[in-house]
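Architecture and fold: a report
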Amino acid sequence: MQDAPNWHEMSGEQVATRLETDLQAGLSLEEARKRLEQYGPNRLSRAKRRGIARLFLEQFRDLMIQILLVAALVAGFIGEPLDAIAILVIVLLNAIIGVVQQYRAENALMALREMAAPTAQVIRDSSFLTIPASDLVPGDVALLESGAVVPSDMRLLEALQLQVDESMLTGESGAAEKQTGTISAAETSVGDRTNMAYRSTLVTRGRGRGVVVATGMATEIGGIAELLSTIESMDSPLQQRLAAFTKRLAGAILGICALIFIAGLLRGEPWMLMLLTTVSLAVAAIPEALPAVVSISLALGARRMSGNNALVRSLPAVETLGSVSFICSDKTGTLTMNRMTAEMVVSGAGKVSQLPHRANDLQDLWQLMGCCLALSNDVRLNPEHLPAGDPTEIALFEMAETARFLRKPLERELPRIAEVPFTSERKQMTTLHRDGESVLVFSKGAPEILIERCEKVMLEDGEQTIDADRWMADVEQLSERGYRVLALACKRLAALPEDLEEAERGLTLLGVVALIDPPREGVLGAVQDCNTAGITSVMITGDHPATAGEIARRLGIIHAGDRVVTGAELDDMTDEQLTGQVVDTRVYARVSPAQKIRLVRALQQRGQFIAMTGDGVNDAPALRQADIGVAMGQKGTDVARQAGQLILLDDNFATIVAAVREGRRIFDNIRKFVKYTMTSNSGEIWTLALAPLFGLPLPLLPIHILWINLVTDGLPGLALTSQVAEGQIMNRPPRPPRERLFAGGMWQHILLIGLLIGALALGVQAWAVSQALPYWQTMVFTVLTFSQLVHVLVIRNDRDSLWATGLLQNPPLIGAVLLTVLLQLALIYLPVLNGIFHTSPLPPAELAVCFGLPLVVLLVVETEKWLIRRKLIYFRGPAHTRP
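Residues numbered from 1 in each chain as written. Predicted model: local features only at pLDDT ≥ 70, side-chain atom pairs only at ≥ 80, totals over all residues. Heavy atoms only, no water.

Let's talk about the overall build of the chain
Within the chain, the secondary structure is distributed over 34 helices and 26 strands. Taking all 883 residues of the chain together, 56% fall into the buried category. Within the chain, contacts between residues at least 6 apart in sequence are counted, and of these 73% link residues at least 24 apart. Carbon together with sulfur atoms contributes 57% to the accessible area of the chain, which is approximately 36300 Å² in total. (Helix = DSSP H or I, 4+ residues; strand = E, 2+ residues; numbered from the N terminus. Buried < 20%, exposed > 50% of the residue type's maximum accessible area, 1.4 Å probe, protein only. Contact = heavy atoms within 4.5 Å. Areas by Shrake-Rupley, 256 points an atom, 1.4 Å probe, with all protein chains shown as cover.)

And the structure:
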């Protein structure tokens, strides 16, 4: 019975027959007990959680972590305990961060379970009972009242001014008005099923009665929980790149070390010395600081983002933003203000965006309209003197107040003496006010209802017979532009009629008001920034197609003539058809949670990298499926926040674009660290590998290699994490997520600049050996160290010259370089360290050579950047996406 489809198409009697229940007396207590055994409790199933110990062990599956553990063992074996301890600390911190992230990611389903109503009011055996909501069963007749959480999916039987906030499921900002009639269309979205109420939504007004048609995992929200449980998280682009990099690096290190070991033996070097040298080189070639640099970069980036209203729940998400090629955004509250606004008034005197200020002539068109807006609604001021009530009425109230039609003074002049309240069937509200000896009637409501009841239309200079067809045509045009339209009318009576509905006939039309939830400030500029950065903005909403299209056109997401695709149209498409056109469609309306996932997957199949925003429970599966889920912090549900990796504290689309900029900066800095450390390792490898070929003795001892690896690479490398963004960072296309870490000329730079550093070291070694200088090895050690420090200063910007950006652009990096220079000089000139590191004091002339030769690195790299700026080398071309 719980699997019966399309309850909204069935009448109450048909539902009762299908569920074998009595709509008046409800189920018997015995039948309810049997059904509870049959269907189980009205709860969402509990996902099996992984323990902390298991999560911790899973962090060591990564190949880079395994290599680092081996490196730690080797370092301890060859007598370098400090190096071993440093590596183990890095590995442990990395594992702890991973456990925290994964533990948080599993909280989404737990938050979903906590959204259930604790109790429900039902009719059983003709008696009214309050029972735990978990005991509800299909066929129960349940009652709803204002402020209650809907306990299960229900087909409504009675709806008295019933309004339900379904934004968590549909994304629509206004409460949905409910009714009890059948809906003939089978393929309707949740937002169009006005005779249904869904579990975990909130009753905001009125009361109702309905029959339970689904409980537990069979409910709409249960289907969302099922989707969440089946979606597996994917590695970020950085994690994918580092995994590929690690595999290639491991093979290269083993091969090179084997060659150097064999070459040393062939030259007659002691085998133990060569073993220690090659093992030291292997340890040095592994960038063990890389996990620390990645974690620090992401953590610092997360802190910067939090200062810009973006809270990071998963550190890899910080870098992931830099790969985004499509931002799929909800409309309400993210692109728009989530606040209905009266934007336009159309009257017999023309169109205005604001009413003229109040005067005292109640025969004047604009004065009557202002009084109607201010008095014919039920908005009240809360203790903070802010308007509270229905969002549409608040918009009308604020329009009146802007024109100085203030409620309190008007209520004293025109006190309300009677009213005919709004209902979903009447679609009209009328208030009657004492005006001297007469009664002034104000009415507002749906244009198709109110205009039919008007005989005249008011102009600035009097009244004339109404042309209803012309006014309905105007209303239709406004509706097609996405506006919600309300008509305003008035009438003057000599006395209060006995039949109040008599006051609603023979009205005079004042005009119509066009309302819309307008775009947020700054979003238009953010969409333009996305276009410049090669990022496509897409709107995916549960709202009406006309409204979605109007907002998208205002923001430049689509242009005149571009189509809006609805959820019903998506259902008619095959996966192949959707995949074929998904990159060309910018706006989707009336979309269900499963369709959102389908859209994300179709874009991913086309090689795009997706950021998906959302705030409702209906958005949670798509947030999990997307490459990066962006949840709303202000109006978002706990479920959405748990499913997302990034939370917008201001719910603003512009904040996403700022976060994308930060993500690009972070990836650039991680890439610069890899470039720096691998070029340094390349220089050491070239020095050790080529020395035997030139008949030179072993240029470096194992302790020299480990010192360079731990200090010279580590300190400046960590300081690169604070490097500011490049000037043109948002004027380039997104990088393809499958693009290799060494793309864009990086591997060429590592090889060639590494060869240059090796050549400088071997050159000074050959000269010093030929001069029989006893401190030749100290000179080689120092030239290598200083060359790498010059290199890190010049590669902190990929394109801009060191002279253009200034030497002090990155103060932490300057501090790290100066500290490393001082430490190197301490190794050279402090006797206590000479014995440990096998170094000797250098005369001033030789020290000057060690300072001067590395400047060659600066000149060569600056020449390389000059060629890059002129697109003579490493030119990648225009925007592209992953294959």
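Observations concerning the pairing of strand S20 (residues 507–516)
Among the 10 residues that make up S20, 10 are buried, leaving the element largely enclosed by the rest of the structure. Looking at chain direction, strand S10 (residues 341–347) and S20 are connected through five bridges and run antiparallel. The residue bridging valine 345 from the neighbouring strand is valine 513, located in S20. Pairing of strand S17 (residues 454–459) with S20, which is carried by three bridges, proceeds in the parallel orientation. Paired with lysine 456 across the two strands is threonine 508, which belongs to S20. For strand S19 (residues 484–493) and S20, the ladder comprises seven bridges, and the chain directions are antiparallel. (Pairing = 2+ DSSP bridges.)

Concerning unusual backbone geometry
Although it is not a glycine, arginine 590 sits at a positive phi angle of roughly 50°. Examined against the element boundaries, arginine 590 turns out to sit in the loop between strand S23 (587–589) and helix H22 (593–605). Positive phi values are uncommon outside glycine, yet alanine 772 reaches one of about 55°. Inspection of the secondary structure puts alanine 772 in the loop between helix H28 (746–770) and helix H29 (776–794). Alanine 772 sits in the exposed class, given a relative accessible area of 62%.

Concerning the environment of glutamine 645
Here glutamine 645 is to be found in the loop between helix H24 (638–643) and strand S26 (646–648). A residue is classified by how much of its surface remains accessible, and glutamine 645, at 19% relative accessible area, is buried. Taking the C-alpha atoms as reference points, glutamine 645 and valine 312, separated by 333 residues in sequence, lie 6.2 Å from one another. For glutamine 645, the contacting residues outside a window of four places in its chain are Leu311, Val312, Arg313, Ser314, Ala317, Leu623, Asp627, Ile628 and Gly629. A polar contact of 2.4 Å, which involves the side chain of glutamine 645, links it to the backbone nitrogen of glycine 629. (Polar contact = N/O pair within 3.5 Å; in protein donor to acceptor, adjacent residues only side chain to side chain.)

Notes on the pattern of salt bridges
As enumerated under the stated definition, the model contains 32 salt bridges in all. Between glutamate 30 and arginine 33 there is a salt bridge, with its nearest N and O atoms 2.4 Å apart. Of the two residues, glutamate 30 and arginine 33 are both situated in helix H2 (residues 29–39); the distance of three residues between them amounts to about one turn of the helix. Each of Glu30, Arg33 and Glu37 takes part in salt bridges that share partners, so that together they form one network. (Salt bridge = Lys/Arg side-chain N within 4 Å of Asp/Glu carboxyl O.)

Remarks on the packing of aromatic side chains
Overall, the coordinates contain two aromatic pairs when judged by the stated rule. Between tryptophan 707 and phenylalanine 837, the ring centres sit 5.3 Å apart and the planes meet at 75°, which makes this aromatic pair edge-to-face. Here phenylalanine 837 lies in helix H32 (residues 831–837) and tryptophan 707 lies in helix H26 (residues 702–712), a separation of 130 residues in the sequence. Pair check on accessibility: tryptophan 707 and phenylalanine 837 agree, each one buried. Arranged with centres 4.6 Å apart and planes meeting at 25°, the rings of phenylalanine 786 and phenylalanine 851 form a pair that is stacked. Of the two residues, phenylalanine 786 sits in helix H29 while phenylalanine 851 sits in helix H33 (residues 844–852), which places them 65 residues apart along the sequence. Over the aromatic face of tryptophan 471 sits the side chain of arginine 470, whose NZ or CZ is 4.5 Å from the ring centroid. (Phe/Tyr/Trp six-rings, centres within 6.5 Å; stacked < 30°, edge-to-face > 60°. Lys NZ or Arg CZ within 6 Å of the ring centre and 35° of its normal.)

As for a nonpolar patch on the surface
A contiguous nonpolar surface patch, about 380 Å² in accessible area, is contributed by Leu265, Trp271, Met272 and Leu275. With three residues, the top contributor of residues to the nonpolar patch is helix H10 (residues 271–285). Note that methionine 272 resides in helix H10. Residue methionine 272 is classed as partly exposed on the basis of its relative accessible area of 40%. (Patch = residues over 30% accessible without salt bridge, like charges linked within 9 Å, V, L, I, M, F, W, Y side chains within 5 Å.)

Thoughts on the environment of leucine 27
By the element assignment, leucine 27 lies in the loop between helix H1 (12–19) and H2. The buried category is assigned to leucine 27, whose relative accessible area is 2%. With 99 residues separating them along the chain, leucine 27 and serine 126 place their C-alpha atoms 8.3 Å apart. Excluding anything up to four places from it in sequence, leucine 27 contacts Glu20, Thr21, Ala32, Arg35, Ile123, Arg124, Asp125, Val137, Pro138, Gly139 and Asp140.

A look at H28
Taking 1.5 Å of rise per residue, the 25 residues of H28 would be expected to cover 36 Å, and the 36 Å separating its terminal C-alpha atoms lies within 8% of that figure. Backbone geometry just after H28 places alanine 772 at a positive phi near 55°. (Expected span 1.5 Å × (residues − 1).)

A word on the environment of phenylalanine 397
Checked against the element boundaries, phenylalanine 397 lands in helix H14 (residues 391–402). Taking the C-alpha atoms as reference points, phenylalanine 397 and leucine 373, 24 residues apart in sequence, are found 6.0 Å from one another. Every residue in contact with phenylalanine 397, bar those within four places of it in the chain, is listed here: Leu373, Ala374, Asn377, Val379, Leu381, Pro387 and Arg407.

Here we look at the pairing of strand S15 (residues 428–435)
Burial analysis of S15 places six of its eight residues in the buried class, which makes it a mostly covered element. Direction of pairing for strand S14 (residues 416–420) relative to S15: antiparallel, over a ladder of four bridges. Along S15, the bridge assignment pairs alanine 418 with leucine 432. Both S15 and strand S16 (residues 438–445) contribute to a ladder of eight bridges, which runs antiparallel. Bridge pairing in S16 links threonine 431 to phenylalanine 442.

Brief notes about the sheet that holds S23
Read across the open sheet, the eight strands follow the order S8-S26-S25-S24-S9-S21-S23-S22; overall the sheet is mixed. For this open sheet the edge positions go to strand S8 (310–312) and strand S22 (565–566), each flanked by a neighbour on one side alone. In this sheet, S26 lies alongside S8 in antiparallel orientation, the contact comprising three bridges. If you follow leucine 311 over to S26, its bridge partner there is isoleucine 647. Relative to strand S24 (residues 610–614), H22 is tilted by about 165°, and along the sheet it contacts strand S9 (326–329), strand S21 (536–540), S23 and S24. (Axes fitted to C-alpha atoms, helices over the stretch in contact; angles between N-to-C directions.)

A short note on the packing of helix H25 (residues 653–690) against H29
Relative orientation of the contacting elements H25 and H29 amounts to 155°, with a least axis distance of 10 Å. As judged from the angle between their axes, H25 and H29 are roughly antiparallel. The handedness of the crossing between H25 and H29 is right-handed. Contacts between H25 and H29 involve Lys675, Tyr676, Thr679, Ser680, Gly683, Glu684 and Thr687 from the former and Leu784, Gln788, Leu789, His791 and Val792 from the latter. (Parallel < 35°, antiparallel > 145°, perpendicular 65-115°, else oblique. Left-handed = near helix turned anticlockwise from the far one by under 90°.)

Functional significance is not addressed by these values, which are geometric in nature.
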